[in-house]
Amino acid sequence: MSGDEALVHQALLYGEEEEFLTATVPFLKAGLESDDAVLAVVPEPNFTALRDTLGSDGKPVRFIDATAFYRHPVRTIASYNDILHSEAPRRLRVLAEPFLQGRSPLETIEWSRYEAIVNAAFPASGAHVICGYDTRTAAADVLEAARRTHPLLTGWHGTRRNRGYDEPARFSVDCDRTPLPPPRQRPDSLPFERLEDLRNVRRFVEGHARRLAMSELEMVKLRQAVDSVAGNAVKHGTPPMELRLWAEDGFIVCEVVDFGHWRPDAMVGFLPPDPGTGFEGLWGARMLVDTVQVRAGWSGTIVRLRSRLQPEEPSGH
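**Observations regarding unusual backbone geometry**
(1) Moving on: Omega for the bond connecting Glu-44 with Pro-45 falls within 30 degrees of zero, at 5 degrees, which places this linkage in the cis form.
(2) Moving on: Relative to the helices and strands, Pro-45 is located in the loop between β2 (37-42) and α2 (46-54).
(3) Moving on: Between Ala-88 and the following residue, Pro-89, the backbone shows a cis peptide bond with an omega angle of 10 degrees.
(4) Moving on: With respect to the element layout, Pro-89 can be found in the loop between α4 (73-87) and β4 (92-96).
(5) Moving on: With a phi angle near 60 degrees, Ala-213 is a residue other than glycine that sits in the positive phi range.
(6) Moving on: Locating Ala-213 in the fold gives a position in the loop between α8 (198-211) and α9 (216-236).

**Quick look at the sheet that holds strand β8 (residues 188-192)**
(1) Moving on: On the basis of which strands lie adjacent, the open sheet formed by five strands has the order β8-β9-β10-β12-β11 and antiparallel pairing. This sheet does not close on itself; its edge strands, each paired only once, are β8 and β11 (291-297). With direction set aside, neighbouring strand axes in the sheet form an average angle of 15 degrees.
(2) Moving on: Pairing analysis gives eight bridges linking strand β10 (residues 251-258) to strand β12 (residues 300-308), with the strands arranged antiparallel. Bridge pairing links Cys-254 to Leu-305 in β12.
(3) Moving on: Strands β11 and β12 of the sheet are contacted by helix α10 (residues 281-288), whose axis makes an angle of about 140 degrees with β11.

**Digging into helix α5 (residues 105-121)**
(1) Moving on: Taking 1.5 Å of rise per residue, the 17 residues of α5 would be expected to cover 24 Å, and the 24 Å separating its terminal C-alpha atoms lies within 8% of that figure.
(2) Moving on: Residue Glu-115 marks the point of greatest curvature in α5, where the axis turns by about 25 degrees.
(3) Moving on: Taken across its 17 residues, α5 has 13 buried, putting it largely inside the fold.

**So, the environment of Asp-258**
(1) Moving on: Looking at the element boundaries, Asp-258 is found in strand β10.
(2) Moving on: Asp-258 sits 129 residues away from Val-129 along the chain, and the two C-alpha atoms are 41 Å apart.
(3) Moving on: Residues in contact with Asp-258, not counting those within four places in the same chain, are Ala-233, Gly-237, Thr-238, Pro-240, Met-241, Gly-300 and Thr-301.
(4) Moving on: Side-chain polar atoms of Asp-258 contact the backbone nitrogen of Gly-260, separated by 2.6 Å.

About the criteria used
- Every chain is numbered independently, its residues counted from 1 as its sequence is written.
- Reporting of local features is limited, given that this is a predicted model, to residues whose pLDDT is at least 70; pairs of side-chain atoms are given and counted only at 80 or more, and all residues count toward the totals for whole chains, interfaces and linings.
- Side-chain calculation: all heavy atoms of the structure are included, whereas hydrogens and water are not.
- Strands here mean DSSP runs of E at least two residues long; helices mean DSSP runs of H or I at least four residues long; both are numbered from the N terminus.
- Pairing between strands is defined by DSSP: at least two bridges between them are needed.
- Every axis corresponds to a line fitted to the C-alpha atoms, with the helix fit spanning only the stretch in contact, and the corresponding angles, defined between N-to-C directions, vary from 0 to 180 degrees.
- The contact rule is simple, with two residues in contact once any of their heavy atoms fall within 4.5 Å.
- Helix span, expected: 1.5 Å multiplied by one less than the number of residues in the helix.
- At every residue, the bend is computed as the angle between two fitted axes, covering the seven residues ending there and the seven beginning there respectively.
- To sort residues, take the accessible area from a 1.4 Å probe on protein chains only and compare it with the maximum for the residue type: under 20% means buried, over 50% means exposed, and anything in between is partly exposed.
- We call two N or O atoms a polar contact when they sit within 3.5 Å, provided that within protein one can donate a hydrogen and the other can accept it, with sequence-adjacent residues counted only if both atoms are side-chain atoms.

Just geometry here; none of it tells us what the structure is for.
The structure is reproduced here in structure tokens:
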């Protein structure tokens, strides 16, 4: 990894296996010839197609099943950050194909945002990345987002600069333009104002989590995330403050609400913190729960956290 080389982030929008292999096999081989740390993070059937095509030449490639690796956008950013540092000073070369089949609309938005964040998180990493999108199966909004989040496009006709590319902050702001949908049921609520009240906040979350049969691990993570966000509201927000909680679609949803006017940076809580700075703030909350959504305006600030009642079943090769 070189700290003064720009990230090369390309989208491959392909319509058949031959196009996929034509673009990706030379890319991976070039990395091996340059002694890069080479990763192929793809789902089937491309996982097997790549291995078969590369044969013995592909033994140094680290193959990772995308269905296991792409489970949580912010944790995936953290994983790539760890890999970059562990492989330094070697350059990282990645063929990636985010697994988006079966995602909810909210999850799809957050995975599209993830592609934008990559540009802001690793701008001087020197990494070379191709992100594959199968135009036969990917939804139109996913393909549109791919075109907006990659500075370069590659395919049959080589690599070219992408005129439709949006800067990460602008794309992230667009992800948050839609108002949060209202709760489907009346939420339970708890007012709080002081740091001393956070003990009641933690008890409130834990009591509801146990009543809803949330797994112990997910309950601990949710309690820690809500505690962090509520603590930040007490320190920096404007009373009155309130915690709202309800369940829907196998998730617990928690909202921390205050009446302070705050205009957050579009990248807040999405970029890996500096080493040794801890596991605090919105980055920590995003790592602990499934999604964190922030809406701020003249009427106040809402931070909505969603956490699964039960952890996802692991999968992979």
